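# Commentary on secondary and tertiary structure
Listed here are the chains, written in short residue letters.
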Amino acid sequence: MLVKTYKNTLKNIFRTKTFWLCLFVMLIVATQGALGGYYVGDDEPGTILSFNDYIQVISNCCITTLLQYAMPIFSIITVALIINHDYRDNLFEIEKSAGMKPSRYVIGRISALLTLNSVVVVLLHFICLYTYLSTRGWVKDMAWTKCIADSLPRVLRIDAFVAIPCIAFYLGIALLIGNVFKSGIAATIFSSSYAIAYYVFNLILRHKIGATYFNYFSPIPKKLRQYFHFYDTEWFDGLLKSYDLSIEKTLFCLAFLIGIFVLGSLGSYLITRKRTV
């Protein structure tokens, strides 16, 4: 039953034109982010990338291009598609009449959403990074094959510990709002409004309001992303001291993001359990 719900959730998303349109837009976002560059002059002919530049671009492709607002809104839309389809066609009521338990139904849906968005963000991260590197002659004194081999674990690491927890945070919020209002539109409006508000505040107000929010309780906690920015490089220990980082603070940020996801999922389960045939 759980596997069936997981597969059906993915099928329902893949059947919508909205999903494919949004995915196409995300491909444009990733490509334009890479072509536009991240430093002054890095889009000019003859650009030579140092190893330091390369390491920072891995983080920038993920944080700046994907996570600021584009990928969160994409993930919220995937939730909205499922919420609308669920309540419009009474899918849970049908499954419940066939003996489906609410817990399996909710876990199957949430697992499908998390899997889909995780795969998308990883693929887009690679597309953004390799588009950037290939259009700038790769990295100085580093063969492109070695660059790819070196970047694989770095990309997967920052996606696993920064990007996916951030996406899970938004999924939890959107799922809860969507189920409370029984509307994917409500989930999109409220969750996307928060994502955009965070982007604006981070852009123009991060130095004017309390640092605690941006360091620990934002969708992309500063202490979390800074920890993995230069991870596994010669600059890592210096960064820990310069930015007052630690594994304990990093784990706290992760616990916050995952905690919001769990609470949103739990709330969705409790609401679903009350639905009647």
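Here's what I pulled together on the structure shown here. Computed from a prediction, not measured in an experiment: that's the story for all the values here. (Residues numbered from 1 in each chain as written. Predicted model: local features only at pLDDT ≥ 70, side-chain atom pairs only at ≥ 80, totals over all residues. Heavy atoms only, no water.)

This next bit is on the nonpolar core. L67, M71 and L133 are the most contacted members of the largest nonpolar core, which totals 77 residues. In terms of residue count, helix α6 (residues 102-134) provides more of this core than any other element does, 15 residues in total. (Core = buried A, V, L, I, M, F, W, Y, C linked by side-chain atoms within 4.5 Å. Buried < 20%, exposed > 50% of the residue type's maximum accessible area, 1.4 Å probe, protein only. Helix = DSSP H or I, 4+ residues; strand = E, 2+ residues; numbered from the N terminus.)

Attention now moves to helix α10 (residues 222-229). For the α-helix, the turn length of 3.6 residues means that residues three or four positions removed from each other point alike. The buried count for α10 comes to six of eight residues, which makes it a mostly enclosed element. Along α10, the positions that sit buried rather than exposed are K223, L224, Q226, Y227, F228 and H229. Taken together, the buried residues of α10 touch α3 (51-67), α7 (144-181), α9 (211-217), α11 (236-242) and α12 (247-273). (Contact = heavy atoms within 4.5 Å.)

Tracing the chain through its elements places L254 in helix α12. Assessed through its relative accessible area of 11%, L254 is described here as buried. Between the C-alpha atom of L254 and that of I209, which follows or precedes it by 45 residues, the distance is 22 Å. For L254, the residues in contact, after removing those within four places along its chain, are F161, P165 and L224.

One pass over the structure, following the stated rule, counts three salt bridges. With a closest N to O distance of 2.8 Å, D150 and R154 form a salt bridge. Taken as a pair, D150 and R154 lie in helix α7 at a separation of four residues, close to a single helical turn. Of the residues examined, R154 reaches a relative accessible area of 10% and is grouped as buried. D244 is the partner of K249 in a salt bridge, and the nearest nitrogen-oxygen pair spans 2.7 Å. Exposure remark for D244: the relative accessible area of 47% places this residue in the partly exposed category. (Salt bridge = Lys/Arg side-chain N within 4 Å of Asp/Glu carboxyl O.)

Before going further, it helps to examine the packing of α7 against α12. Relative orientation and spacing of two packed helices are given, respectively, by the angle between their axes and the distance between those axes. Axis separation between α7 and α12 bottoms out at 8 Å; the angle between their running directions is 25 degrees. For the element pair α7 / α12, the angle class is roughly parallel. Along this stretch, α7 crosses α12, giving a crossing that reads as left-handed. Along its contact with α7, which presents F161, P165, C166, A168, F169, L171, G172, I173, L175, L176, N179 and V180, the element α12 presents L254, F256, L257, I260, F261, G264, G267, S268, I271 and T272. Counted by class, the contact of α7 with α12 contains 16 nonpolar, six polar and no charged residues. (Axes fitted to C-alpha atoms, helices over the stretch in contact; angles between N-to-C directions. Parallel < 35°, antiparallel > 145°, perpendicular 65-115°, else oblique. Left-handed = near helix turned anticlockwise from the far one by under 90°. Nonpolar A, V, L, I, M, F, W, Y, C, P; charged D, E, K, R; others polar.)

What follows covers the packing of aromatic side chains. Scanning the model with the defined rule gives 29 aromatic pairs in all. Between F19 and W20, the ring centres sit 4.9 Å apart and the planes meet at 75 degrees, which makes this aromatic pair edge-to-face. Feature note: the residues F169, Y170, Y194, Y216, F217, F252 and F256 constitute an aromatic cluster, connected by ring pairs. (Phe/Tyr/Trp six-rings, centres within 6.5 Å; stacked < 30°, edge-to-face > 60°.)

Moving on, we get to the packing of α7 against helix α8 (residues 184-204). Contact pair α7 / α8: the axes reach a minimum separation of 7 Å and the direction vectors enclose 145 degrees. Here α7 and α8 pass one another in a crossing that is right-handed. Counted together, F169, Y170, I173, A174, I177, G178 and F181 of α7 and A186, A187, F190, S191, Y194, A195 and Y198 of α8 form the full contact between these two elements. Residue classes in the contact of α7 with α8 are distributed as 12 nonpolar, two polar and no charged.

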